[in-house]
Amino acid sequence: KAGVTQTPRYLIKTRGQQVTLSCSPISGHRSVSWYQQTPGQGLQFLFEYFSETQRNKGNFPGRFSGRQFSNSRSEMNVSTLELGDSALYLCASSLRSTGQGTGELFFGEGSRLTVL
Amino acid sequence: AQTVTQSQPEMSVQEAETVTLSCTYDTSENNYYLFWYKQPPSRQMILVIRQEAYKQQNATENRFSVNFQKAAKSFSLKISDSQLGDTAMYFCAFILMDSSYKLIFGSGTRLLVRP
């Protein structure tokens, strides 16, 4: 069974640009979450999607957005990039259904974004 | 607010020895899971062990075991017979089993296993 796949693995952007990251969850998983990992702030929750609906959102500005498609694949977009957006962006998938779930999240290898 | 605290930024252990990583958390909820995740230099986050909050019995996975003290909100990880491949960042985390469904992570403990 294939794991969580994130693309691209590495990318470099300049301030003011936008970026789109992609995540393909484990087959059968309908929940996809996104996390930002930085040395200063650690791991922070961005948002979670389940069945194409955003179920929860972390404390990030509106420049951070996402969506989920009918095949459960998810994308996140960051517009008007700032230097502080440089981070490892991790995607995680799970089996969770409304109000329930096994609790376990499976992570991808991440997308390393560098903003110059 | 829910928080997770890992008070040991770095730890070191000799190969084949035992090491314990500390974690405390804070939540007023009763229905949650606790996890230890490992992030090696290759950076993929891997689940080490999971504990359901309603279970009193401590979880065990091969060389990894936890000491779960619900009243004290403590969730430490013990690694027995440490191996070089255990060198990694270890994150303690919990997730509320409600509609929020987000992992709250600690700041991590960097573990170095010395040969």
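The following paragraphs examine the structure supplied in this document. (Residues numbered from 1 in each chain as written. Chains lettered and ligands numbered in written order. Predicted model: local features only at pLDDT ≥ 70, side-chain atom pairs only at ≥ 80, totals over all residues. Heavy atoms only, no water.)

### A closer look at the side chain of Ser76 of chain B
Argument step 1. Following the sequence through the fold, Ser76 of chain B ends up in strand β9 (residues 74–79).
Argument step 2. In this structure, Ser76 of chain B is in contact with Thr20, Leu21, Ser22, Cys23, Trp36, Ser65, Val66 and Asn67 of chain B, ignoring residues within four places of it in sequence. (Helix = DSSP H or I, 4+ residues; strand = E, 2+ residues; numbered from the N terminus. Contact = heavy atoms within 4.5 Å.)

### A few points about the pattern of salt bridges
Argument step 1. Scanning all chains against the criterion turns up nine salt bridges over all chains.
Argument step 2. Arg67 of chain A is the partner of Glu75 of chain A in a salt bridge, and the nearest nitrogen-oxygen pair spans 3.2 Å.
Argument step 3. Overall, the relative accessible area of 46% leaves Arg67 of chain A in the partly exposed class.
Argument step 4. Put simply, Glu52 of chain B and Lys55 of chain B hold a salt bridge, and the shortest N to O gap is 4.0 Å.
Argument step 5. Several salt bridges share partner residues, and in doing so they unite Arg63, Glu82 and Asp85 of chain A into one network. (Salt bridge = Lys/Arg side-chain N within 4 Å of Asp/Glu carboxyl O. Buried < 20%, exposed > 50% of the residue type's maximum accessible area, 1.4 Å probe, protein only.)

### Some remarks on the interface of chain B and chain A
Argument step 1. Listed as interface residues are 19 residues of chain B and, on the opposing side, 26 residues of chain A.
Argument step 2. Roughly 2000 Å² is buried in total at the junction of chain B and chain A, and carbon and sulfur atoms are behind 51% of that figure.
Argument step 3. For the pair chain B and chain A, the interface holds zero salt bridges.
Argument step 4. Linking chain B with chain A are four residue pairs in polar contact (both at pLDDT 80 or more). (Buried area = accessible area lost by both parts, 1.4 Å probe. Polar contact = N/O pair within 3.5 Å; in protein donor to acceptor, adjacent residues only side chain to side chain.)

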